[in-house]
Amino acid sequence: MSKDTIESRLVEKRVFKPSALFSKQARVGSAAQREKITRAAARDPERYWASEAKKLLWRKPWKKTLEWKPPFAKWFVGGALNVSENCLDRHLGGPRRNKAALIWEGEPGDSRTLTYQQLHRETCRFANALKSLGVKKGDRVAVYMPLVPEAAVAMLACARIGAVHSVVFGGFSADSLRDRIQDAKAKLVVTADGGFRKGQKFGLKQQVDDAVKDCPSVRKVVVLKRTDQPIAWHSERDVWWHEAVDGQSAVCDPVPLDAEHPLFILYTSGSTGKPKGVLHTTGGYLTVAASTVESVFDLKEPDVYWCTADVGWITGHSYVVYGPLAAGATTLMYEGAPTCPGPDRFWAIVEKYGVSVFYTAPTAIRAFIRLGDAHPNKHDLSSLRLLGTVGEPINPEAWAWYHRVIGGGRCPIVDTYWQTETGAIMISPLPGATPTKPGSATLAMPGIDAAVVDKDGKEVPHGTGGFLVVRKPWPSMLRTVYGDPARYKKQYFSEFGPKVYFTGDGARRDKDGYFWVLGRVDDVINVSGHRLSTMEVESALVGHPKVAEAAVVGMPHAVKGQGITAFVTLKGGLQPGNGTTRELVAAVEKAIGAIARPDRIRFTDALPKTRSGKIMRRLLRNVAAGEEVSGDTTTLEDFSAIAKLQADE
Ligand code: 7RM
């Protein structure tokens, strides 16, 4: 690194204040109130987190709130609780008993609603089935499922008996599944005969069969019948879900578990090497998932809350299953593709169920912009009162579209910054309290000591870019990389010493202290000694009316050190014309300055993305430099985007 910090040049000036109407009914109703809570939490974070944790049901009180032996933390030491009891049983004694816990819509149009009582019963029966199949407290269970209610049931059933789940996204290959099962030494796999996606049936069982060949730890495979496709059967190992739960009791006492008992492992890809098993534990994780879902989404009893993530990602863990259920909310799950059977499916679902809180990813929003306004405009979206985004920095243009076309100009947008490793939201507006600026996740949540520092770990002045860190432990932080504490230490707690968590992201704060996340520091480019954020150049490009999406990477440049290549997709049907490149270069110059002028612009139909929608700039760097694509590509959604770009060279 030639400089200590990252230069940030993009300036977004618009500010959106929450309406008086929204603020009045909100849990936190003013900036001053947020500030007060934040200040008190900063003075005594342990006390703040203890008061949040006390909102859960504990079977045994903790003795010590935090034991911090950097970089290893234990929260609520000596306390005992059960996550499934907190998400289910706790709600059965009052009016939530018959409230919808889970509303599910299948891609083919089938649907189911499970009340808290029903979800509790299904979870107990499946937990008893797991026990009958030999699963014990501490055993690992791999969950490789389509997005159906049983995926949540399997997670909750594991939590109920103290088994540790490892959900593997259903889009992963047999090899990826095998690696994850092997690393965790899972004893049992829960899967299905397949699922529905883009109007077709896809398989899962064959992948499990292939994976498990090389996984001696696996004793049993439980198979849910979802699609009724023909599948191979290994009768000594395979069990149908419906047969496993048949005759099982609907009573299964939740096991009180140590606050630090592992709840789940979730694998996340590193830029090199094998995926990391991020480990989360019981008490701290649930405390922050529950606390943030309530405050950030301002949940109210009648809300219909829809987070569009798959349970294969952390967002699905914290904000489809655990957070909302702990909060006693109604959580909606949709199995399939956003464009099936038509490009308006999401909006049809919002209308059908009266969704009031909607949480999705910028990549999805940009895809909707590309499809055109007619699809959302066909539907009554007036039930919506709050919108959220997660996963990437949202470029201001996409923010404005989301606000206007989906939110009808009336819904606040919460841009939530967090990671698999952080377990829960770290930086976010509170919708009734925080004026928002398109593209900024605004302020750190109470109890979170986020800062932007230079390479020596010194906080940089507002306005200067640097590295985003968290300087104090928080309850939902990862506890380790499963089976590899050395990697945990090196990856997250070495850059700025063992006490400071490094997110891997660059950021700057503006004069109001708002955080602007600039993306992964690996994605930073260095042009003539200026460290620029690829995200800002992308945002400038997407600001041009013809552009749908852009990915910007550095490439070797004889004079400047690094030059800039921009990969650009245009909006629905547009073809690049004669002057398009010139127009786009001018747009970047105007938004950021001549220093950020792309040296080359390449038009493409598709960008390489991970299965959760993040652009894989690492692969584009290879393409831009004319190299072989290297490193881990298992998380790539579709290799053809890369293959095409290479062939075009
Ligand atoms: C929840 C999730 C984490 C990485 C993170 C950032 C990026 C996520 C935002 C964001 C800007 C946001 N977990 N990121 N949210 N960047 N603004 N609101 O996405 O582990 O899959 O990814 O995603 O780079 O480090 S994750």
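Whatever comes next refers back to the structure up there.
Residues numbered from 1 in each chain as written. Predicted model: local features only at pLDDT ≥ 70, side-chain atom pairs only at ≥ 80, totals over all residues. Heavy atoms only, no water.

**Q** Describe in detail the pattern of salt bridges, supporting the description with residues and values.
**A** On inspection of all chains with the given rule, the structure shows 46 salt bridges. Between lysine 300 and aspartate 298 there is a salt bridge whose closest N-O contact spans 3.0 Å. On the basis of relative accessibility, which here comes to 25%, the residue lysine 300 falls in the partly exposed class. Between lysine 644 and aspartate 605 there is a salt bridge, and its shortest N-O distance comes to 3.4 Å. Taken as a pair, lysine 644 in helix H20 (residues 640–648) and aspartate 605 in the loop between strand S30 (600–603) and helix H19 (617–624) lie far apart in primary sequence, 39 residues in all. By relative accessible area, which is 48% here, lysine 644 ends up partly exposed. Under the relative-accessibility criterion, aspartate 605 is labelled exposed at 56%. Salt bridges sharing partners connect three or more residues here, namely Asp449, Glu459, Arg471, Lys472 and Arg509. (Salt bridge = Lys/Arg side-chain N within 4 Å of Asp/Glu carboxyl O. Buried < 20%, exposed > 50% of the residue type's maximum accessible area, 1.4 Å probe, protein only. Helix = DSSP H or I, 4+ residues; strand = E, 2+ residues; numbered from the N terminus.)

**Q** Give a detailed account of helix H17 (residues 534–542), specifying residues and quantitative values.
**A** Most of H17 is tucked away: 9 of the 9 residues are buried. Turning to H17, its buried residues are Thr534, Met535, Glu536, Val537, Glu538, Ser539, Ala540, Leu541 and Val542. Its side-chain oxygen at 3.2 Å from the backbone nitrogen of methionine 535, serine 533 defines the N-terminal cap of H17. (Polar contact = N/O pair within 3.5 Å; in protein donor to acceptor, adjacent residues only side chain to side chain.)

**Q** Hey, could you go over the site of the ligand for me, with residue numbers and the actual values?
**A** If you check the shell around the ligand, you find 16 residues, and the closest are Asp415, Thr416, Thr420, Asp505 and Arg520. Between the ligand and the protein, one listed contact pairs an oxygen atom with a side-chain N or O atom of threonine 420 at 2.6 Å. Arginine 520 has a polar side-chain atom sitting 2.8 Å from an oxygen atom of the ligand. About the coverage of the ligand: the protein hides 89% of its 530 Å² of free accessible area. If you list the elements that add at least two residues to the shell around the ligand, you get helix H11 (314–326), strand S20 (413–416) and strand S25 (515–520). Its residues assigned to classes, the shell around the ligand shows 6 nonpolar, 5 polar and 5 charged. (Near = heavy atom within 4 Å. Areas by Shrake-Rupley, 256 points an atom, 1.4 Å probe, with all protein chains shown as cover. Nonpolar A, V, L, I, M, F, W, Y, C, P; charged D, E, K, R; others polar.)

**Q** Mind laying out the packing of helix H13 (residues 362–371) against helix H15 (residues 396–406), listing which residues take part and the relevant values?
**A** In contact at an axis separation of 10 Å, H13 and H15 are set at 70° when each is read in the N-to-C sense. By the angle class used here, H13 and H15 are roughly perpendicular. Side by side, H13 and H15 meet where Ile365, Arg366, Phe368 and Ile369 of the first sit next to Ala398, Trp401 and Tyr402 of the second. (Axes fitted to C-alpha atoms, helices over the stretch in contact; angles between N-to-C directions. Parallel < 35°, antiparallel > 145°, perpendicular 65-115°, else oblique. Contact = heavy atoms within 4.5 Å.)

**Q** Lay out the layout of surface pockets in plain terms, naming residues and giving numbers.
**A** The volume enclosed by the second largest pocket comes to roughly 560 Å³. What lines the second largest pocket is a set of 24 residues, among which Glu35, Thr38, Leu443, Ala444 and Arg509 lie closest to the centre. In terms of residue count, the dominant contributor to the lining of the second largest pocket is helix H2 (residues 31–43) (7 residues). Residue composition of the lining of the second largest pocket, by class: 13 nonpolar, 4 polar and 7 charged. (1 Å grid on protein atoms, 1.4 Å probe; cavity = no way out; pocket = protein on both sides within 12 Å on 5 of 7 lines; lining within 4 Å. Points joined across faces, edges and corners; volume = space filled by probe spheres on them.)

**Q** Describe empty space enclosed by the protein, with residues and values.
**A** Overall, the coordinates contain 4 cavities of 30 Å³ or more when judged by the stated rule. At the level of elements, S25 and H17 are the ones that each hand at least two residues to the lining of the largest cavity. Of the residues forming the lining of the largest cavity, the biggest block, 3 residues, is contributed by H17. In terms of residue class, the lining of the largest cavity is built from 6 nonpolar, 3 polar and 3 charged. The space that makes up the second largest cavity amounts to roughly 40 Å³. The wall of the second largest cavity is formed by Val167, Val168, Phe169, Phe172, Arg180, Leu266, Tyr267, Gly312 and Trp313. Looking at the lining of the second largest cavity residue by residue, the classes come out as 7 nonpolar, 1 polar and 1 charged.

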